[in-house]
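Remarks on the overall topology
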Amino acid sequence: MSKFHEALDDKLIAFIEAQPMFFIASATAEGRVNVSPKGLDTFRVLGPRLCAYLDLTGSGAETAAHALAGGRATLMFCSFGRDPLILRLFGRARCGRPGGELWREHAGRFDAFPGARQIVVFDVDSVQTACGFGVPLMTLEAQRSTLTDTWVAMGEDGVVEYQRSENRVSIDGLPTGLGEA
């Protein structure tokens, strides 16, 4: 059975901190709904109704475009371990680019990762837990290093050029604010 909560409490924060990955879904009023898996040590709970994650350069930039167009989003955490639980955070995403106010305010909370392109700050409107009984049991073998290895090999200039060529617009043609001079 699902249950809504006003905000994150200590038990739910501990659950988030124990998860090796999460998902962000975002959308505008029109166009595609996007869901992206995220891993590595990039998520932080900043308060009972505020979270953030360090977003690394990737093949798409849907969350950035959707944040500019209103920010409607959902974060989801699933337990793949022995104690089942699904946790959804409903709210709005805002993005802070390197050098900007949100970046300056929150960058110190994260380890440096090659290819870091923005910090996504998430204002939580509501919290929902669900049983998770249908989620499979799985064990984490390891985090992949392929993404960060790619950005190290490309170098900082290569990452900037990739963002300019691949991350300026969403799959629906919306501006992302990324890759701009």
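All of these numbers come straight from a predicted model, not from anything done at the bench.

For the rest of this paragraph, the subject is the overall build of the protein chain. Along the backbone of the protein chain there are 4 helices and 8 strands. N-terminal to C-terminal, the α/β element order of the protein chain is β-α-β-β-β-β-α-β-β-α-β-α. Radius of gyration (C-alpha) of the protein chain: 16 Å, near the 16 Å computed for a compact globule of 181 residues. In the protein chain, 71% of the contacts between residues at least 6 apart in sequence involve partners at least 24 apart. Accessible area of the protein chain: about 10,000 Å², with a carbon and sulfur share of 53%. In the protein chain, 18 positive and 22 negative side-chain charges are present, and the distance between their average locations comes to 4 Å.

Turning our attention to the nonpolar core. One recurring pattern in soluble globular proteins: nonpolar side chains tend to sit buried together. By size, the foremost hydrophobic cluster in this structure holds 25 residues, and its most contacted members are Leu-8, Phe-43, Leu-75, Phe-77, Leu-87, Leu-89 and Phe-122. Taken together, the elements giving at least two residues each to this core come down to helix H1 (10-18), strand S2 (22-26), strand S5 (50-56), helix H2 (62-68), strand S6 (72-78), strand S7 (86-96) and strand S8 (116-130). For Phe-43, the residues in contact, after removing those within four places along its chain, are Ile-16, Phe-22, Cys-51, Ala-52, Tyr-53, Leu-75, Phe-77 and Phe-110. Of all hydrophobic cores here, the second largest spans 9 residues; its members include Ala-52, Trp-103, Ile-119 and Val-121.

Our next topic: the layout of surface pockets. Computed from the structure, the largest pocket encloses a volume of approximately 990 Å³. Put simply, the parts of the chain that give the lining of the largest pocket at least two residues each are strand S3 (34-38), S5, H2, S8 and helix H4 (146-166). In terms of residue class, the lining of the largest pocket is built from 14 nonpolar, 15 polar and 6 charged. The computed volume of the second largest pocket comes to approximately 480 Å³. What lines the second largest pocket is a set of 26 residues, among which Pro-98, Gly-115, Ala-116, Arg-117 and Gln-163 lie closest to the centre. If you tally residues by element for the lining of the second largest pocket, the top one is H4, at 8 residues. When the residues that make up the lining of the second largest pocket are grouped by side-chain class, the tally is 15 nonpolar, 5 polar and 6 charged.

Moving on: the pairing of S8. Among the 15 residues of S8, 11 are classified as buried, and the element is accordingly described as predominantly covered. Pairing geometry for strand S1 (residues 3-5) and S8, over 3 bridges, is antiparallel. Looking across to S8, one finds that Phe-4 is bridged to Gln-128. As paired elements, S5 and S8 share 7 bridges and run antiparallel to each other. Of the residues in S8, the one forming a bridge with Leu-54 is Ile-119. Relative to S8, S7 runs antiparallel, the two being bridged by 11 bridges. Paired with Leu-89 across the strands is Val-127, a residue of S8.

Quick look at the packing of aromatic side chains now. Pairs of aromatic rings are described using the distance from one ring centre to the other and the angle between the two planes. Scanning the model with the defined rule gives 6 aromatic pairs in all. Ring geometry for Phe-43 and Phe-77: centres 5.0 Å apart, planes at 80 degrees, overall edge-to-face. With a gap of 34 residues between them, Phe-43 in strand S4 (residues 43-47) and Phe-77 in strand S6 connect regions that are remote in the sequence. The exposure class of Phe-43 is buried, given its relative accessible area of 13%. Residue class for Phe-77 comes out buried when judged on its relative accessible area of 1%. Put simply, the rings of Phe-22, Phe-43, Tyr-53 and Phe-77 touch in pairs and so form one group of aromatic residues.

Cut-offs and rules
- Once a new chain begins, its residue numbering starts again from 1 and follows that chain's sequence as written.
- Totals for whole chains, interfaces and linings use every residue, but because this is a predicted model, local features are given only for residues with pLDDT of at least 70 and side-chain atom pairs only at 80 or more, for both listing and counting.
- Hydrogen atoms and water are omitted, and side-chain values are computed over all heavy atoms in the structure.
- Labels follow the DSSP assignment, with helices taken as runs of H or I lasting at least four residues and strands as runs of E lasting at least two, numbered in each case from the N terminus.
- The atom set for the radius of gyration is the C-alpha atoms, and the globule formula is 2.2 Å times the number of residues raised to the power 0.38.
- A contact between two residues is defined here by any heavy atoms of the two lying within 4.5 Å.
- Only the protein chains shown count as cover for residues, and all accessible areas are computed by the Shrake-Rupley method using a 1.4 Å probe.
- Only four residue types enter the charge count: Lys and Arg as positive, Asp and Glu as negative, with His and the chain ends excluded.
- Charge coordinates come from a single atom per side chain, which is NZ of Lys, CZ of Arg, CG of Asp or CD of Glu.
- To qualify as a nonpolar core, a set must consist of buried Ala, Val, Leu, Ile, Met, Phe, Trp, Tyr and Cys residues joined through side-chain atoms within 4.5 Å.
- The rule is simple: take the accessible area with a 1.4 Å probe, protein chains only, and divide by the maximum for that residue type; under 20% is buried, over 50% is exposed, in between is partly exposed.
- As defined here, a cavity is a set of points on a 1 Å grid over the protein atoms alone where a 1.4 Å probe fits but cannot get out. A pocket is an open set with protein on both sides within 12 Å along at least five of seven lines, and residues line them when an atom is within 4 Å of a point.
- Grid points are joined across faces, edges and corners, and a volume is the space filled by probe spheres set on the points.
- Residues are grouped as follows: Ala, Val, Leu, Ile, Met, Phe, Trp, Tyr, Cys and Pro are nonpolar; Asp, Glu, Lys and Arg are charged; all remaining types, including Gly, are polar.
- When DSSP finds two or more bridges between two strands, those strands count as paired.
- Two aromatic rings from Phe, Tyr or Trp, using only the six-membered ring of Trp, form a pair when their centres are within 6.5 Å; if the ring planes differ by under 30 degrees the pair is stacked, by over 60 it is edge-to-face, and anything between is tilted.

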